[in-house]
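A closer look at the structure
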Amino acid sequence: MAGLVNNLLMLCLVFQNICLGFRSPLSVFKRYKDTTRSLSTECLGSDRPVISLGLSDFALDIRMPGVTPKQSDTYLCMSVPLPVDDEAYVVDFKPHASMDTVHHMLLFGCNEPSSTESYWDCDEGTCKDKSNILYAWARNAPPTRLPKGVGFRVGGEIGGRFFVLQVHYGDISAFRDKHKDCSGVTLHLTHQKQPLIAGMYLMMSVNTVIPPGEKVVDADIACHYKRFPMHLFAYRVHTHRLGKVVSGYRVRNGQWTLIGRQSPQLPQAFYPVEHPVDVSYDDILAARCVFSGEGRTTETHIGGTANDEMCNFYIMYYMEAKHAVSYMTCTQNANPEMFRNIPQEANIPIPVKSDMLKMTHGHHEEMKDTDKSSLLQQAEKEEEEILDQDFHIEEAVEWPGLDLKLGQVSGLALDAENNLVIFHRGDHVWDENSFDSRFVYQQRGLGPIEQNTILVLNPSNAKLLHALGKSLFYLPHGLSIDKTGNYWVTDVALHQVFKLGADDKEPLLILGVALQPGSDKNHFCQPTDVAVDPTTSSIYVSDGYCNSRIIQFSPNGLYMMQWGEETSSGRARPGQFHIPHSLALIPDFSQLCVADRENGRIQCFRLETGEFIREIKHKSFGRELFAVSYVPGGLLFAVNGKPYPEQAEPVQGFVMNFSTGEIIDTFIPLRKSFEMPHDVVASEDKTVFVGDVHARAVWKFASTEKMEHRSVKKAGIEVQEIKESETIVEARLKNNPESTDPLKKQEKQHLVQQTSTGVSFVLVTTLLVIPVVVLLAILVFIRWRKTTVYGGKGGGGLNLGNFFASHKGYSRKGFDRLSTEGSDQEKDEDDGTDSEEECSPPPPPPAPSSS
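Residues numbered from 1 in each chain as written. Predicted model: local features only at pLDDT ≥ 70, side-chain atom pairs only at ≥ 80, totals over all residues. Heavy atoms only, no water.

Some remarks on the overall build of the protein chain
When helices and strands are tallied, the protein chain shows six helices and 50 strands. When contacts within the protein chain are restricted to residue pairs at least 6 apart in sequence, long-range pairs at least 24 apart make up 66% of them. Split by element, the accessible area of the protein chain, about 39,000 Å² in all, is 52% carbon and sulfur. (Helix = DSSP H or I, 4+ residues; strand = E, 2+ residues; numbered from the N terminus. Contact = heavy atoms within 4.5 Å. Areas by Shrake-Rupley, 256 points an atom, 1.4 Å probe, with all protein chains shown as cover.)

Section: the pairing of strand β2 (residues 57-63)
Strand residues, when the strand is regular, have side chains that alternate between the two faces of the sheet. Burial analysis of β2 places seven of its seven residues in the buried class, the great majority of the element. Because side chains alternate across β2, one face comprises the buried residues Asp 57, Ala 59, Asp 61 and Arg 63, and the other comprises Phe 58, Leu 60 and Ile 62, equally buried. Two elements, strand β1 (residues 50-52) and β2, share three bridges in a ladder whose sense is antiparallel. What sits directly across from Ile 51, in β2, is Ala 59. In this antiparallel pair of consecutive strands, β1 and β2, the connection spans four residues, and Gly 54 shows a positive phi of 135°. Where β2 lies against strand β10 (residues 184-190), seven bridges are found, and the strand directions are antiparallel. If you follow Leu 60 over to β10, its bridge partner there is Leu 187. (Buried < 20%, exposed > 50% of the residue type's maximum accessible area, 1.4 Å probe, protein only. Pairing = 2+ DSSP bridges.)

Topic: the nonpolar core
Ile 62, Phe 93, Leu 107, Phe 163, Leu 187 and Leu 189 are the most contacted members of the largest nonpolar core, which totals 57 residues. Apart from the residues within four sequence positions on either side, Leu 107 is in contact with Ile 62, Phe 93, Asn 132, Ile 133, Leu 134, Tyr 135, Phe 163, Val 164, Leu 165, Val 185 and Leu 187. Residues Tyr 225, Met 230, Leu 285 and Val 325 belong to the second largest nonpolar core, which totals 38 residues. (Core = buried A, V, L, I, M, F, W, Y, C linked by side-chain atoms within 4.5 Å.)

Side note on the sheet that holds strand β24 (residues 420-424)
Neighbouring strands of a sheet are bound in pairs by backbone hydrogen bonds; such pairs are parallel or else antiparallel. The antiparallel open sheet is built from four strands, whose spatial order is β23-β24-β25-β26. Either end of the sheet is taken by a strand with one partner, and the two such strands are β23 (409-414) and β26 (464-468). Taken pair by pair, the neighbouring strands of this sheet meet at an average axis angle of 20°, ignoring direction. As judged from the four bridges shared by β24 and strand β25 (residues 454-457), these two strands associate in the antiparallel manner. Looking at β25, one finds that Val 421 is bridged to Val 456. (Axes fitted to C-alpha atoms, helices over the stretch in contact; angles between N-to-C directions.)

What to know about the side chain of Asp 533
Position of Asp 533 relative to the elements: it lies in the loop between β31 (527-532) and β32 (539-543). The side chain of Asp 533 is buried and forms no salt bridge, while Lys 483, the nearest opposite charge, is found at 7.4 Å. Reaching out from Asp 533, the side chain makes a polar contact with the backbone nitrogen of Thr 535 at a distance of 2.9 Å. Beyond its immediate chain neighbours, meaning those up to four positions away, Asp 533 contacts Ser 538, Tyr 540, Leu 585 and Leu 607. (Lys, Arg positive; Asp, Glu negative; His and termini not counted. Salt bridge = Lys/Arg side-chain N within 4 Å of Asp/Glu carboxyl O. Polar contact = N/O pair within 3.5 Å; in protein donor to acceptor, adjacent residues only side chain to side chain.)

Points about unusual backbone geometry
Cis geometry is adopted by the peptide bond preceding Gly 544, which originates at Asp 543 and carries an omega value of -10°. The topology assignment puts Gly 544 in the loop between β32 and β33 (549-553).

Concerning the state of the cysteines
What the rule picks out here adds up to six disulfides. At a sulfur-sulfur separation of 2.0 Å, the disulfide partner of Cys 77 is Cys 122. Between Cys 77 and Cys 122, the S-S dihedral sits near 120°, and the bridge is therefore right-handed. Taken together, the positions of Cys 77 in strand β3 (residues 74-81) and Cys 122 in the loop between β6 (120-121) and β7 (132-138) put the pair 45 residues apart, joining distant regions of the chain. The burial state of Cys 77 is the same as that of Cys 122; both residues are buried. Here Cys 223 connects covalently by a disulfide to Cys 330, the sulfurs 2.0 Å from one another. Handedness of the Cys 223-Cys 330 disulfide follows from its S-S torsion of about 90°: it is right-handed. Note that Cys 223 is positioned in strand β13 (residues 217-224) and Cys 330 in strand β21 (residues 327-330), a separation of 107 residues in sequence. Comparing Cys 223 with Cys 330 shows no difference in burial state: the two are buried. (Disulfide = S-S within 2.5 Å.)

Things to note about the sheet that holds β31
Taking strand neighbours across the sheet as the criterion, the four strands line up as β31-β32-β33-β34 in an open arrangement whose pairing is antiparallel. Pairing within the sheet leaves two strands with one partner each, and these edge strands are β31 and β34 (559-563). Ignoring which end each strand starts from, the neighbouring axes of this sheet average 20° apart. Pairing of β33 with β34, which is carried by four bridges, proceeds in the antiparallel orientation. Residue pairing for β34: Ile 550 is matched across the bridge by Trp 563.

Things to note about the packing of aromatic side chains
Counted according to the given criterion, the structure contains 28 aromatic pairs. Each ring, one from Phe 589 and one from Phe 658, has its centre 5.2 Å from the other, and the planes form 35°; the classification is tilted. You can see Phe 589 sitting in the loop between β37 (580-586) and β38 (591-596) and its partner Phe 658 sitting in the loop between β43 (653-657) and β44 (663-667), a full 69 residues away along the chain. Phe 589 sits in the partly exposed class, given a relative accessible area of 31%. (Phe/Tyr/Trp six-rings, centres within 6.5 Å; stacked < 30°, edge-to-face > 60°.)

Here's the deal with the pairing of β38
With six of six residues buried, β38 is to be regarded as a mostly interior element. One ladder, built from six bridges, connects β37 with β38; its direction is antiparallel. Within β38, the position partnered with Leu 583 by the bridge is Val 594. Between β37 and β38, which pair antiparallel in sequence order, lie four residues; one of them, Ser 590, sits at a positive phi of approximately 55°.

Shown next, in the form of structure tokens:
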């Protein structure tokens, strides 16, 4: 009997030694722990940033590494990598912050933080790529709770691989003792696939103007929802100091359902939606911000400084995993008339106690709205992330406009109805014979272009709606449209700028002298583009191919000022141009951006003074940047030129964050190829048109979230065709619902992933069984040998002490403890002791997302 017990005991020990060869759940974090920063000894909390919570769950501690802000309104950022490569889900947040020191915290998810330092000033940005807000905490605000079965998707092929924590230290009087702060948040993550995926929907006003002294000013936002159903569970409001109340609603069949209503002067965290609200296809999401301009002496516009205002309503939602979209935005008012019926509660300010107001803004008691120093200190860093949207621009391949018979396409614009306006050269061509060495046009004998040079097209089907500009121009170039619908164009052969009414055959205003190049106040030399300020109606002209300047005129055409000079040898300096080729007016920030073509860059200037503000230049631009266009809300679109022989940068389109200048996306056509893309224009729904002067074509591009879908009927499902500006198709499921082809593909992927998970489990189980089978085989073999050698007399069972007696470290007197040196068991590198975790097989890897 004793021999049997000995045998079983030794069998367990051998099995343990073999089992140590399998990595425990924490072993996947070894790479992460090697690079983890040590926290200050003054910081309280766990010194293990990754804590196992079982086979599939773990906690990730994200803390400031012991910082002491030097001045009030300091924004500090730090990043933590996701400690696993495969897909995971954030299912809970636990904040670690004190209202005495921290004004608010924001947690972002992205793939590339703005810095690799242990922490940095958020003025440098939070992320270099797109980012999503995952969590927000503010003073006295309730914690954010995700519903059961809901998670933010991170890691894997489509999820972010870094978390970036942003902490706003408002009033630093609490740091008089120079203590170090380690505020942060602990995340609960799981590998278990969540059936519901969380996301963020941002409603944002971009063109609100608050007149000085005005008691009540409303900023309204509304968008039709064109996606699969989503369920709302939290909201957040944001304005600056003039905001009184922000309210959000779902509007269905004329009925207004409250999502959330809050004073923006209270802690701006996410608050739970009191009553569950679902949003379905064709519902309307509406929001209103109520401002007061009392106390201000000048107009207040939407912007990023404390002297500006913002109107933002954030919605946290969840969707079924296979339909999930992580980020959506709304920046327009699709139906202004509907706000006549908005519930009266949306117009009633929520009273806020003065001490709460001071605490919420985190400023010293003596600071006032009119204090200029506070305006410089206060910067809303968190709003930089609004524009890092999750989208990709692709060609709308079903758009028929690519097949239009056009001349050289030189200019594009969108009118107030988002109709596409094309400026082309008909049967005229700009070639080496067009001008002499003094830039005088040499082909006047051809006469003006006899075709209509300005074409207005339906942006969805490319049908011609209107045409004009016959027998007016020789070599069209730039085109823009002012707020009243007038067309502004330039002609490089005539050296002139024209203002045309939509229905007028004769120009309303002409600048420059026909066919006479020059560089004084009354002449242009091949002017390239024109832009009109929607606020002041001032006129800005880029002049041009043979001048290097920007000229400002009054609304009636009087010369006001100019700036710019020719590029000197060496690196081009600010304010120098080598063909200022395209203009983009940014009214949100009172700036004018210029595509400095041959210098391959964008330069931005202050509208009022022409003062240089900044340059946007990327290696991927190459040597030439032809055109730039701005979309209200913060997106820049641009196109470059063909690379020089020694260059590799392709000709393509770019999408950039205006605030940071960073490239968000690039795009190229699928049909034909860019030859010399000459102009670009985009709408707020990220529909983009590019005109090519050599290919004589116009391409249409759209966000992958906005591509058209044809109507189909198959296997009991009907998908209705939707308009170009809508986001996704409506699916009406009948009886046993099935998916359209893309959804079927997703489901097939899901089945494959489930199979993969099953295979992984079987593999792990097999690896565990093999050692047991081997040992049993050894046992049987020894028993057979003993039976053979000793004539069938038993030896008292398998004596593993004798069996291992020849091994160093063991004696026949008993069973020495098996050594684990040299095994695959990991050690805790913090204290040098052996890990005390149970020996168990690692969890099966989670299936990749099916979305």
